[in-house]
Amino acid sequence: MIEAGTSKPAPFDLVAVHSFSRFFRDHFELEFYVRKLAKNGVKLVSITQEMGDDPMHVMMRQIMALFDEYQSKETAKHVLRAMRENARQGFWNSSLPPIGYRVVAAEQRGAKVKERLQIDPFNAETVRTIFRLALEGDGVSGSMGVKAIAARLNERSIRTRDGGRWGLGAVHQILTRTTYTGRHEFNRRGKDRKLKPKSEAVVVEAPPIIDQETFDAVQAHLQARNPKKVPPRVVSGPTLLTGLIHCAKCGGAMTIRTGKGGQYRYYAGSTKARQGPTACTGMTVPMEKLDDLIAKNLEDELLRPDRLETILSAVLDRRQEQTTRKRAYVAELNKRATETDLRLKRHYDANENADVDDPDLKDRIATLKATRDQAKADAERVAASLSAEGRKAVARPMLATSPAPRASGCEMRMAAIAAITSARWRKEWKSLPMKFGFSALKAICCKR
């Protein structure tokens, strides 16, 4: 409307409002746009506050605008205070809950119904899947980034709460939201989306979907992938030890140098390369030799049979837990589909002779059908995933009856590396970049 009223020629010459506070509650903006419209021949008129154009009425309008602005800020202050107190008591302030949760009535105080968050089994499994992909990957490519997770979910037809496709923002918001660990922070940001002081935030307890250890590990992965903190070449570059090795004499970074037109590649001290041998007499190491040495050391330290047995036992325990949770999820989906079918049947029975062209009835039936079909599709997808996992699963007795793994076997080494990553052996791996895992070791291992 403002754009149309300030265009030439204006399509109208009058703007009518209930009161001047309905136009703007900011004194400066009200006067700014009143004058801007007036220059274009458009007049602002209040139905309940009759004002003229003489200086006295202009002054009265400005004074009323100041009071309206003050009253607006006072109201906002009292509303925020009431919402902070409601959050401090552990109740949810009426807004759309995060995906994976639903709002249920907790208690009633007079005419007001107090609400709390409750886990929604229908969407909570999607949240767990997103965190699992970020930390462990899909079993093939290792931990996945935000973009890869969104593509993976869309490929498998896992939709958002509203039935839409996943985007980068939605996935990143889930991965960084502390609500899923059981701690929802109310009043953390202002209307301008800027962070407020921690003293103004109120922590609301919520049922956790993700444990704190998993959440912290995912944050570490996200920070390691952040291009503002870690250069992209360190994460996705072809060189195995980029950003990891330094000269023992001067502490400078070791960079790649080539010889014979790129036929040979070496790790060399950057200080010596830039300032000459008088600055540092560090050595030059063939890249293949140092890469193999690091990979061999990892094999000797991390892939001992006793450690592998412990790690694989933890993997089996967690897989059993995930299987139990998925079966409960399938049961919940089947229950929801059955209940929706019954509700549809009751609608059909009750409206057998009703007007089938009633738009409200048609919309309600369409909504129920969509809910039933989505529940059935999700149940079939999860059941198929359980069946596929069962066919390739490793049973616990196999650990005791199988012979000790040989460190020289390429397949055993890669399986163990995947198991270590899956079991989140953080003490040994937290100081390494994500690329120093599956793909890089696989290339060296197969080459050897």
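Residues numbered from 1 in each chain as written. Predicted model: local features only at pLDDT ≥ 70, side-chain atom pairs only at ≥ 80, totals over all residues. Heavy atoms only, no water.

## Some points on the sheet that holds strand 8 (residues 264-269)
Ordered in space as 7-8-9, the three strands form an open sheet in which the pairing is antiparallel. A single partner strand is all that each edge strand has here, and the edge strands are strand 7 (254-259) and strand 9 (285-286). (Pairing = 2+ DSSP bridges. Helix = DSSP H or I, 4+ residues; strand = E, 2+ residues; numbered from the N terminus.)

## As for the side chain of Asn86
As for its placement among the helices and strands, Asn86 is situated in helix 4 (residues 55-88). Residue contacts for Asn86: discarding those within four places in its chain leaves Phe91, Trp92, Asn93 and Lys114. (Contact = heavy atoms within 4.5 Å.)

## With respect to the environment of Leu386
On the secondary structure map, Leu386 appears in helix 13 (residues 359-391). On the basis of relative accessibility, which here comes to 16%, the residue Leu386 falls in the buried class. Spatially, the C-alpha atoms of Leu386 and Gln322 are 9.7 Å apart, while their sequence positions differ by 64 residues. What Leu386 contacts, discounting residues up to four positions off in sequence, is Thr323, Lys326, Arg327 and Val330. (Buried < 20%, exposed > 50% of the residue type's maximum accessible area, 1.4 Å probe, protein only.)

## So, the pairing of strand 2 (residues 43-46)
Both faces of the sheet carry side chains from a regular strand, because those side chains alternate between them. On strand 2, burial follows the alternation: Leu44 and Ser46 on one face are buried, whereas Lys43 and Val45 on the facing-out side are not. Strand direction decides the pairing type here: strand 1 (residues 14-17) and strand 2, joined by four bridges, are parallel. The residue bridging Ala16 from the neighbouring strand is Val45, located in strand 2.

## Examining the layout of surface pockets
By volume, the second largest pocket amounts to about 1200 Å³. The wall of the second largest pocket is formed by 29 residues, among which Glu185, Asn187, Arg188, Arg189 and Arg193 lie closest to the centre. Going through the elements one at a time, helix 4, helix 7 (168-176) and strand 5 (183-186) are the ones with two or more residues in the lining of the second largest pocket. With five residues, helix 4 is the single largest residue contributor to the lining of the second largest pocket. Taken together, the residues that form the lining of the second largest pocket break down as 10 nonpolar, 12 polar and seven charged. (1 Å grid on protein atoms, 1.4 Å probe; cavity = no way out; pocket = protein on both sides within 12 Å on 5 of 7 lines; lining within 4 Å. Points joined across faces, edges and corners; volume = space filled by probe spheres on them. Nonpolar A, V, L, I, M, F, W, Y, C, P; charged D, E, K, R; others polar.)

## So, unusual backbone geometry
Here the residue pair Lys8 and Pro9 is connected by a cis peptide bond, since its omega of -5° sits within 30 degrees of zero. Its location among the elements puts Pro9 in the loop between helix 1 (2-5) and strand 1. The phi angle at Ser157 is positive, at roughly 60°, despite the residue not being glycine. Note that Ser157 resides in the loop between helix 6 (146-155) and helix 7. On the basis of relative accessible area, Ser157 is assigned to the partly exposed category, the value being 41%. Even without glycine at this site, Asn187 takes up a positive phi of about 65°. Its place among the elements puts Asn187 in the loop between strand 5 and strand 6 (202-205).

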